Amino acid sequence: MSDKNIILEPKKFEGRFYKALRQIWNTMKFEWQRKWSSLLAMIGTAILIFVLNLVIEVLQLNRGGELAATASEYAQSYMGFISLFIYIIGCTFVGSIIVEDFEKSTGNLLFPKITKERLLIGRFTARYIYGFLALLTYYTGVTIITFIRFSVIPVNLYASFLWAAYYLLAVYAFVALFSSFFKRTAGSVIVSLLSLLIVFTMVQSILQFTGITIEPLLFLTYYSNIITYTFNMPEERFQELPFGPPSNPDAQTFYRWITPNELGAGIGLMVYTVVLLIAAYIIYEFRQSKGNM
């Protein structure tokens, strides 16, 4: 190889690198322009959920209820619907992330100009920022009301937000997988939401009654528990509970895992995210290469 080729080769690589970054950035800008109304809707949903929680609290206080003993417990009381909110965010923003190219036949226009991996990275990044901002809106409300009530912000509230943002990433990957092989956005959204709300929960319940004591790390919904339990991590995360009257000597026992620990959640969510995103991209590439537009 000549000295001239040695000099030109790095420049060629540098040109491709900047071109890739530019295409990803342009994709993100385009997503921001066409999805801003969905972002406003999710921010509105975050505010609505927060206000409804606040209304419930006020009604309870007016009926003789009392505030939580600590700021940490008080903030935790606002986390009852956080998993559902994350599922709504994920399905709203990611349900169409891949399937829209097949549903609307946009691939013939896009792929000669941009590679699929750059398109997917740009879309995924932009829509994750949307979800992050929606989550931040809700946690900002919780932070403000907690500070008003207790004049202090518990550190665990920040940890809960980080876990929620991390869990959102895995939910995005999960929904993206469904979006990669469905033919319609509606099917991707509905099946993803039903899986997260019903299927995982039912299968976990069935396993609890079969006597299996293995921690359910294969179930994505199990990881959502750490968002709430990070405020007060139980010493014993595994429970044996009698099923039926305690006086019955023949009562069956079922087993329940309360929450993953920090290490398990950190590794598990990362594995979920990476594996599902790779699978989604492979299916995306296969469908396109077969011309299934």
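Residues numbered from 1 in each chain as written. Predicted model: local features only at pLDDT ≥ 70, side-chain atom pairs only at ≥ 80, totals over all residues. Heavy atoms only, no water.

(A) Quick peek at the nonpolar core. Residues Phe85, Leu135, Tyr138, Tyr139 and Leu220 are the most contacted members of the largest nonpolar core, which totals 64 residues. Sorting the residues of this core by element identifies helix H1 (3-62), helix H2 (71-76), helix H3 (82-94), helix H6 (116-150), helix H7 (155-181), helix H8 (185-209), helix H9 (225-229) and helix H10 (262-289) as the ones contributing at least two each. Here this core takes 17 residues from H7, the largest share from any one element. When neighbours within four sequence positions are excluded, Tyr138 is seen to be in contact with Ala46, Ile49, Phe50, Asn53, Tyr78, Met79, Ile82 and Phe85. (Core = buried A, V, L, I, M, F, W, Y, C linked by side-chain atoms within 4.5 Å. Buried < 20%, exposed > 50% of the residue type's maximum accessible area, 1.4 Å probe, protein only. Helix = DSSP H or I, 4+ residues; strand = E, 2+ residues; numbered from the N terminus. Contact = heavy atoms within 4.5 Å.)

(B) Structural context of the packing of aromatic side chains. Enumeration according to the criterion identifies 25 aromatic pairs in this entry. Between Phe174 and Phe200, the aromatic rings sit 5.7 Å apart at their centres with planes inclined by 50°, giving tilted as the arrangement. Taken as a pair, Phe174 in helix H7 and Phe200 in helix H8 lie far apart in primary sequence, 26 residues in all. Both residues of the pair, Phe174 and Phe200, belong to the buried class. Grouped by ring-pair contacts, the aromatic residues Phe50, Tyr74, Tyr78, Phe85, Phe124, Tyr128, Phe132, Tyr138, Tyr139, Phe150, Phe161 and Tyr172 constitute a single cluster. (Phe/Tyr/Trp six-rings, centres within 6.5 Å; stacked < 30°, edge-to-face > 60°.)

(C) Layout of the packing of H3 against H7. Contact pair H3 / H7: the axes reach a minimum separation of 9 Å and the direction vectors enclose 45°. Classified by the interaxial angle, the pair formed by H3 and H7 is oblique. When you trace H3 past H7, the crossing you get is right-handed. Facing H3, whose interface residues are Ile86, Tyr87, Ile89, Gly90, Cys91, Phe93 and Val94, H7 presents Ala164, Tyr167, Leu168, Val171, Tyr172, Val175, Ala176 and Ser179. Its residues assigned to classes, the contact of H3 with H7 shows 13 nonpolar, two polar and no charged. (Axes fitted to C-alpha atoms, helices over the stretch in contact; angles between N-to-C directions. Parallel < 35°, antiparallel > 145°, perpendicular 65-115°, else oblique. Left-handed = near helix turned anticlockwise from the far one by under 90°. Nonpolar A, V, L, I, M, F, W, Y, C, P; charged D, E, K, R; others polar.)

(D) How the structure looks around the packing of H6 against H7. Between H6 and H7, whose axes approach to 10 Å, the crossing angle comes to 150°. In terms of orientation, H6 lies roughly antiparallel with respect to H7. Crossing angle aside, the handedness with which H6 passes H7 is right-handed. Contact residues: H6 offers Phe124, Arg127, Tyr128, Gly131, Phe132, Leu135, Leu136, Tyr139, Val142 and Thr143, while H7 offers Leu157, Ser160, Phe161, Ala164, Ala165, Tyr166, Leu168, Leu169, Tyr172 and Ala173. Per-class residue counts for the contact of H6 with H7 are 16 nonpolar, three polar and one charged.

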